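# Commentary on secondary and tertiary structure
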There are 2 protein chains.
Amino acid sequence: MAARKQLVLGAVFYGVGGPGQHHTWLSPEIPGDASVDIRWYIARAQQAEAAKFDHIFIVDSQFITPDSPNHYLNRLEPLTLLSAVAVHTTNIGLVGTLTTSYNDPFNLARRLASLDLISGGRAGWNVVATGDGGTAGNYGRKEHYDYAARYGRALESVKVVQGLWDSYEDDAFPRDKERGVFFDKSKQHPLHHVGEHFQVVGPLNIERSPQGQPVIFQAGDSDEGRDLGASIAEAIFTHAATVEQAVAFRTDLRARAAAKGRDPDHVLIVPGFNPIIADTDEEARAIEAERVGGKDFDRALKELGRPFGWHDFTQYDLDAPFPELGDAGARSFKTQAEGIKKLAREHNLTLRQVVQRSIDSQRSPFVGSPLTVANEIQRWFEAGAFDGLNIGVAVPSEFARFTDQVLPILRERGIARTEYASTTLRGNYGLPVPANVNAR
Amino acid sequence: MAARKQLVLGAVFYGVGGPGQHHTWLSPEIPGDASVDIRWYIARAQQAEAAKFDHIFIVDSQFITPDSPNHYLNRLEPLTLLSAVAVHTTNIGLVGTLTTSYNDPFNLARRLASLDLISGGRAGWNVVATGDGGTAGNYGRKEHYDYAARYGRALESVKVVQGLWDSYEDDAFPRDKERGVFFDKSKQHPLHHVGEHFQVVGPLNIERSPQGQPVIFQAGDSDEGRDLGASIAEAIFTHAATVEQAVAFRTDLRARAAAKGRDPDHVLIVPGFNPIIADTDEEARAIEAERVGGKDFDRALKELGRPFGWHDFTQYDLDAPFPELGDAGARSFKTQAEGIKKLAREHNLTLRQVVQRSIDSQRSPFVGSPLTVANEIQRWFEAGAFDGLNIGVAVPSEFARFTDQVLPILRERGIARTEYASTTLRGNYGLPVPANVNAR
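Residues numbered from 1 in each chain as written. Chains lettered and ligands numbered in written order. Predicted model: local features only at pLDDT ≥ 70, side-chain atom pairs only at ≥ 80, totals over all residues. Heavy atoms only, no water.

Our working definition: UniProt positions are given in the numbering used here, feature names are shortened, and annotations may be inferred rather than shown by experiment.
The name an unreviewed UniProt entry gives chain A is Monooxygenase, with Paractinoplanes tereljensis as the organism. The record held by UniProt for chain A lists under Sequence similarities (unreviewed entry) the comment "Belongs to the NtaA/SnaA/DszA monooxygenase family."

## Concerning the domain arrangement of chain A
All names here are of chain A. Just so we agree on the cut-off: Either an automatic procedure or a domain database provided the assignment from which the domain bounds are taken. Contacts are assigned to residue pairs that have any heavy atoms within 4.5 Å of one another. Joining two parts hides part of their accessible area as seen by a 1.4 Å probe, and the buried area is that hidden amount summed over both. Each salt bridge in this description consists of a side-chain nitrogen of Lys or Arg and a carboxyl oxygen of Asp or Glu lying within 4 Å of one another.
Its domain assignment divides chain A into domain 1 (8-281 + 365-429) and domain 2 (293-361). Each partner contributes residues to the interface: domain 1 has 19 residues there, and domain 2 has 13 residues. Between domain 1 and domain 2 the total buried area reaches about 1500 Å² when both faces are included, carbon and sulfur atoms providing 47% of it. Among the residues of domain 1 in contact with domain 2, His23, Asp132 and Tyr147 are the three that bury the most area, contributing 27% of the side total. Summed over the shared surface of domain 1 and domain 2, the result is 1 salt bridge. The closest approach of N and O atoms between arginine 306 and aspartate 132, which form a salt bridge, is 3.3 Å.

## Brief notes about the relation of the copies chain B and chain A
Mapping between the two copies of the chain is achieved by a rotation about an axis and a shift along the axis. Stated precisely, the cut-off is as follows: Copies are brought into register by a least-squares superposition over C-alpha atoms of residues with pLDDT of at least 70 in both.
The operation relating chain B to chain A is a screw motion whose rotation component is 180 degrees, with 0.0 Å of axial translation and a residual RMSD of 0.1 Å. The two molecules are tied by a two-fold rotation axis, judged by turn and shift. No C-alpha of chain B lies nearer the rotation axis than that of alanine 84 of chain B, which sits 2.1 Å from it. Both copies share a contact surface, since 100% of the interface residues of chain B are interface residues in chain A too.

## What to know about the packing of helix α4 (residues 105-118) of chain A against helix α3 (residues 78-86) of chain B
Here is the rule: The axes are straight lines fitted to the C-alpha atoms, using for helices just the contacting stretch, and the angles between their N-to-C directions are given from 0 to 180°. Under the scheme used here, helices are H or I runs from DSSP no shorter than 4 residues and strands are E runs no shorter than 2 residues, and both carry numbers assigned from the N terminus. Each crossing gets its handedness from the near helix: less than a right angle anticlockwise from the far helix is left-handed, clockwise is right-handed. Under the grouping applied here, Gly and all other residues not named as nonpolar or charged are polar, the nonpolar ones being Ala, Val, Leu, Ile, Met, Phe, Trp, Tyr, Cys and Pro and the charged ones Asp, Glu, Lys and Arg.
The contact between α4 of chain A and α3 of chain B brings their axes to 9 Å, and the two run at 35 degrees. The handedness of the crossing between α4 of chain A and α3 of chain B comes out as right-handed. Facing Arg110, Arg111, Ser114, Leu115 and Ile118 of chain A of α4 of chain A, the residues of α3 of chain B in contact are Pro78, Thr80, Leu81 and Ala84 of chain B. Residue composition of the contact of α4 of chain A with α3 of chain B, grouped by class: 5 nonpolar, 2 polar and 2 charged.

## Some details on the side chain of threonine 97 of chain A
All names here are of chain A. Formally: Whenever a nitrogen or oxygen atom comes within 3.5 Å of another N or O atom, the pair is scored as a polar contact, on the condition that within protein one atom can donate a hydrogen and the other can accept it, and that pairs from neighbouring residues in sequence are kept only if both atoms are in side chains.
Along the chain, the position of threonine 97 falls in strand β3 (residues 93-99). Of note is the side chain of threonine 97, whose polar atom sits 2.7 Å from the backbone oxygen of isoleucine 58. There is a polar contact of 2.9 Å between the side chain of threonine 97 and the side chain of asparagine 126. With residues near it in sequence (within four places) discarded, threonine 97 still touches Phe57, Ile58, Val59, Asp60, Pro78, Asn126 and Val128.

## Quick word on the UniProt feature "binding site: FMN" (unreviewed entry) in chain A
Our working definition: Relative accessibility decides the category of a residue: with a 1.4 Å probe and only protein chains considered, values under 20% of the type maximum give buried, values over 50% give exposed, and everything between is partly exposed.
Using the residue numbers shown here, the UniProt feature "binding site: FMN" (unreviewed entry) corresponds to Asp60, Thr97, Tyr151 and Ser222 of chain A. If you trace the backbone, aspartate 60 of chain A turns up in the loop between β2 (55-58) and α2 (70-73). Aspartate 60 of chain A has contacts with Arg75, Pro78 and Thr97 of chain A together with Arg110 of chain B, leaving out every residue within four places of it along the chain. Tracing the backbone shows tyrosine 151 of chain A in helix α5 (residues 147-165). Classification of tyrosine 151 of chain A as buried rests on a relative accessible area of 17%.

Shown next as structure tokens:
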């Protein structure tokens, strides 16, 4: 059962092309420097806003090698990017990825609160614990935080940041020129946080926005990741290959949230998809076949290394059994790395077969004519597979297929909005404004 | 002698009013929430850009108490602010204050490089070592860094950040769609910095901008501050009460820069001023008299505490000798605190007299009719007192007095520009694009 009547719709922008879209930079529609061209992001955000999307979503990373994917190599820092987009849009939400592993909570709180005020209450924070182990070297650490510390920091960081966001009661600034009263001192509150990972006195030097606080996004499929999401997330970015898998994930997350005393309807599950839409189902499937074809194999082989700390898989025989890797990945994307090792072991897969499965797993469940795709999205939504979708966007005309051909069908059926409900992100999601813990 | 033919012109925005402007928020021209209203900053930047100013300048701080000045209490984070301004302006430089005391160099490098690309090469970084000792508590430290560590971190941080900015050679991204070549791996360079305060492997995940690297600003009047400025600064924000003092400061800084093997003409000295301009000299002086009048005394008494770690001076008898303070301020604004103590001791001043001197020291040397102010600015410039001015701006109509009445006189005399020379900040300053250390 759907918990809500209308889909949450997000657009994920990768500039020159993200996962499953590595060759899209070759499209004549995409400027070669799209990943660092703010005009590109503004135009894409405006395209999504014209289609009444809830939010745009910006991913991030801080560690690169010469072999990193194109959109990792050269990219704008997410909040700097989103602040520029904020002043050329009016309703769409602005969700930025910021790691709790290598940022002070005070700086996170300040920058996100600034974006929230600049956008009039449209900011979202995708909370991540850094996976790439190599990132440590860019922040003066010999070794990346272990798994427990990473998740401990993430949880505590969010609590500190949310505490700082309530530093001022909502009526702390009377700004009464006649009486000459700018500020009511009694409505400023320090935090005095002392925890395992952070000590922060506060107060933060910025007031709350019209939506109270930025919306908390989270991703992460491990047990710890799900638990963190159930504790803190108001929206969860995930991946889903089948409707059954998606329903199971959402059911689990809602149960975990309820067990923590939260309203499950205040945890929106929003998986990411790259739909392939063409005039007919046959055409769409032909495009898909071409996409997952041979020329992506080398790229997929390289990307397989990421969860293992960018391990180099080109050194192995493709047709020999999947190599023994010891504890490679223990300090990177552990769950993902362990999942791949387990899969290979249980099915006796060769390296080539593992790579092929990773390519197949990127196949979109939404491939076909506009009607087919609309039907499938409705089926998933009504089955309780998601509260909405994050559409991966690279080529504008492909995104327009979704907004101009699929969305009108969903609107007609009443499951996609025709107008914004609010000028804030919470307002459009239907999430309540969090009470200020310091309000009396 | 002036090293350049035309003045550098900067505008310093404090939102609801900065030093010497604490009551300006009462002006009907200023929205009560100006400090957190991005539309206010965009409009002010556009006003400065219409007058062909070189840059806008945003100050910062991270520590507040209930007694902090209005513009400290509630403000936007500088880079988030400037990114939004960048996409509503085209030529004006965007200088933001960011502390090296409580930011990782990797994050500083990334965010500043992002602003530099978003603005097409108009970013400037005002490098500060945090003075307010209380800031430590917001970043998990029991005690603020001592003076040596603060300046050591600042110097090393700038070197690391500049190193990271050169991670890519300028032709690292061919983006050749025909040949399918996005990136030339051989042109990505890690940093492998190992220093006293920081270890940073790199590379940074962002390319250089049209101006090569953001311009480095610095402030700080202590011996260590001047030495740091002479080492790293391309522009220096300072204060000057008399032309003699200003000439001495500039002469000293140029000599220090030359002693370090730098071209002194590449270190622009740009002090801050709040000019008071009226139709006649008499009217301007009347406005000044009102400004430095009685109602600012309490504010000045409170602000006197800042260099001493926000020491509370209201507890003392105003007419008794300046109190013994021990080492208060040793971990805050040491030079300023020591200077005040020395002044009081040498002249046997009471607390009231010290406060009055601090009010007087904020008196602007540029007070009078447009012609008087233009004459004075020209006299200082030709005496070698500065390479240009940072005009403190709160009330728009007062700023317009400068742009519309003083500037035309300076333009006629050939010492202020009539058109922008460039779309980059370096281009307008006449500073060279720094060579990429990794270029072959």
